[in-house]
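Structural description and commentary
Chain residues, written in single-letter form:
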Amino acid sequence: MILAKLVNYYHRLANETDKISGSLKVPSYGFSEEKISYILVLNEQGELLDYQTNLTDDKKPQPKLMSVPRPEKRTSGVKPNFLWDKTAYVLGVESNKDKATAKEQPLTSSEKTFDAFKQSHLNLLKDTQDVGLLAVRQFFENWLPEHFAQSILPKEILDTNIVFKLDGTSGYIHDRQAAKDLWAKLLITEDAEQGFCLVT
């Protein structure tokens, strides 16, 4: 009885918005609050139109928390997140950690992480009919890490977490119902174990 009430309370909070921050009081199942610094704005053809910052207004701006599909555990190996990640995964670029060559070459390519993120999303979104998810798929059909140097994106975006937004719409692509439905299916296939609990 107590477990059932706790579950109901969680579901109620997961649908309530905090009056100050505007975000949900608790993340939905399979989601977590993560620090997101930038938002890539795509058109329906998957072209990068713009970017938006998601930083605080402090003297030293910090990334704001956003509810996103929960991150992969990366104790070892390359594991892309769903519809968000660091620039090494999403764009295939990161800042050059070698101070000696950083002035000459301020960024490095991250081929393994980018290829993993790209292939993962091309596979996951191959049958989607959702206009937002289609835009992400088309973005990865065309984007190459070397495009970064000629893009509108600032160097400050390197090594930060980024998400996607469809131009002319409110919210983010990972918040679209089609994205949530797809994420729920992934959670079931990856995490679920057959059985019964006291709540169900």
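Please read these numbers as outputs of a predicted model, since none were measured by experiment.

What counts, and where the lines are drawn
- Residues numbered from 1 in each chain as written.
- Predicted model: local features only at pLDDT ≥ 70, side-chain atom pairs only at ≥ 80, totals over all residues.
- Heavy atoms only, no water.
- Helix = DSSP H or I, 4+ residues; strand = E, 2+ residues; numbered from the N terminus.
- Buried < 20%, exposed > 50% of the residue type's maximum accessible area, 1.4 Å probe, protein only.
- Areas by Shrake-Rupley, 256 points an atom, 1.4 Å probe, with all protein chains shown as cover.
- Expected span 1.5 Å × (residues − 1).
- Arc of directions from axis to C-beta.
- Contact = heavy atoms within 4.5 Å.
- Salt bridge = Lys/Arg side-chain N within 4 Å of Asp/Glu carboxyl O.
- Phe/Tyr/Trp six-rings, centres within 6.5 Å; stacked < 30°, edge-to-face > 60°.
- Lys NZ or Arg CZ within 6 Å of the ring centre and 35° of its normal.
- Axes fitted to C-alpha atoms, helices over the stretch in contact; angles between N-to-C directions.
- Parallel < 35°, antiparallel > 145°, perpendicular 65-115°, else oblique.
- Left-handed = near helix turned anticlockwise from the far one by under 90°.
- Core = buried A, V, L, I, M, F, W, Y, C linked by side-chain atoms within 4.5 Å.

**Here we look at the overall build of the protein**
Assigned secondary structure in the protein consists of six helices and eight strands. Reading the protein from its N terminus to its C terminus gives the helix and strand order α-β-β-β-β-β-α-β-α-β-α-α-β-α. Out of the 200 residues belonging to the protein, those deemed buried represent 36%. Accessible surface computed for the protein: about 12500 Å², of which carbon and sulfur atoms make up 52%.

**Some points on helix H4 (residues 111-124)**
If you check H4, its first and last C-alpha atoms are 20 Å apart, about what 14 residues at 1.5 Å a residue would give, namely 20 Å. Turning to H4, its buried residues are Thr113, Phe114, Phe117, Lys118, His121 and Leu122. Projection of H4 onto a plane perpendicular to its axis shows the buried side chains occupying an angular sector of 155°, all on one side. Of the exposed residues in H4, the ones pointing more than 90 degrees away from its buried face are Glu111 and Lys112. Along its buried surface, H4 packs onto strand E5 (84-86), helix H2 (87-90) and helix H5 (131-142).

**Observations concerning the pattern of salt bridges**
If you walk through the whole model with that rule in mind, you get three salt bridges. For Arg74, the salt bridge identified is with Asp85, shortest N-O distance 2.4 Å. Of this pair, Arg74 sits in the loop between strand E4 (64-69) and E5 while Asp85 sits in strand E5, placing them eleven residues apart in sequence. Using a relative accessible area of 32% as the deciding quantity, one classes Arg74 as partly exposed. A salt bridge links Arg176 to Asp130, with the nearest nitrogen and oxygen atoms 2.8 Å apart. On the criterion of sequence distance, the pair formed by Arg176 in the loop between strand E8 (161-166) and helix H6 (177-191) and Asp130 in the loop between H4 and H5 is long-range, its members being 46 residues apart. Judged by relative accessible area, Arg176 falls into the partly exposed class, the value being 21%. Accessibility expressed as a relative area gives 15% for Asp130, which makes it buried.

**Brief notes about the packing of aromatic side chains**
For the structure on display, the rule yields eight aromatic pairs. When the ring of Phe117 is compared with that of Phe140, the centres are 5.4 Å apart and the planes differ by 55°; the resulting orientation is tilted. Remark: Phe140 occurs in helix H5 and Phe117 occurs in helix H4; sequence separation between them is 23 residues. Residue classification places Phe117 among the buried positions, given a relative accessible area of 0%. For Phe140, a relative accessible area of 0% gives the class buried. Its guanidinium or amino end placed over the ring of Tyr89, Arg74 lies 4.0 Å from that ring's centre, counting from NZ or CZ. Here the basic side chain of Lys165 rests over the ring of Tyr172, its NZ or CZ set 5.9 Å away from the ring centre.

**What about the packing of H4 against H5?**
The interhelical angle for the contact between H4 and H5, taken along N-to-C directions, is 135°, at an axis separation of 9 Å. Considering the angle they form, H4 stands oblique to H5. The interaxial crossing formed by H4 with H5 has left-handed handedness. Each of Phe114, Phe117, Lys118, His121 and Leu122 in H4 lies in contact with H5, whose residues at this interface are Arg137, Phe140 and Glu141.

**Let's talk about the nonpolar core**
Counting 33 residues, the largest nonpolar core has Leu40, Val90, Leu91, Val136, Phe140, Phe148 and Phe164 as the members making the most contacts within it. Residue assignment for this core shows that the elements contributing at least two residues are strand E2 (38-42), H2, H4, H5, E8 and H6. Among the nonpolar cores identified, the runner-up in size contains six residues, and Ile36, Ile39, Val68 and Trp84 belong to it.

**Regarding the environment of Ser28**
Secondary-structure assignment places Ser28 in the loop between helix H1 (2-13) and strand E1 (31-36). Taking C-alpha positions, Ser28 is 9.2 Å from Val68, a pair spaced 40 residues apart along the chain.

Geometry only, nothing functional implied.
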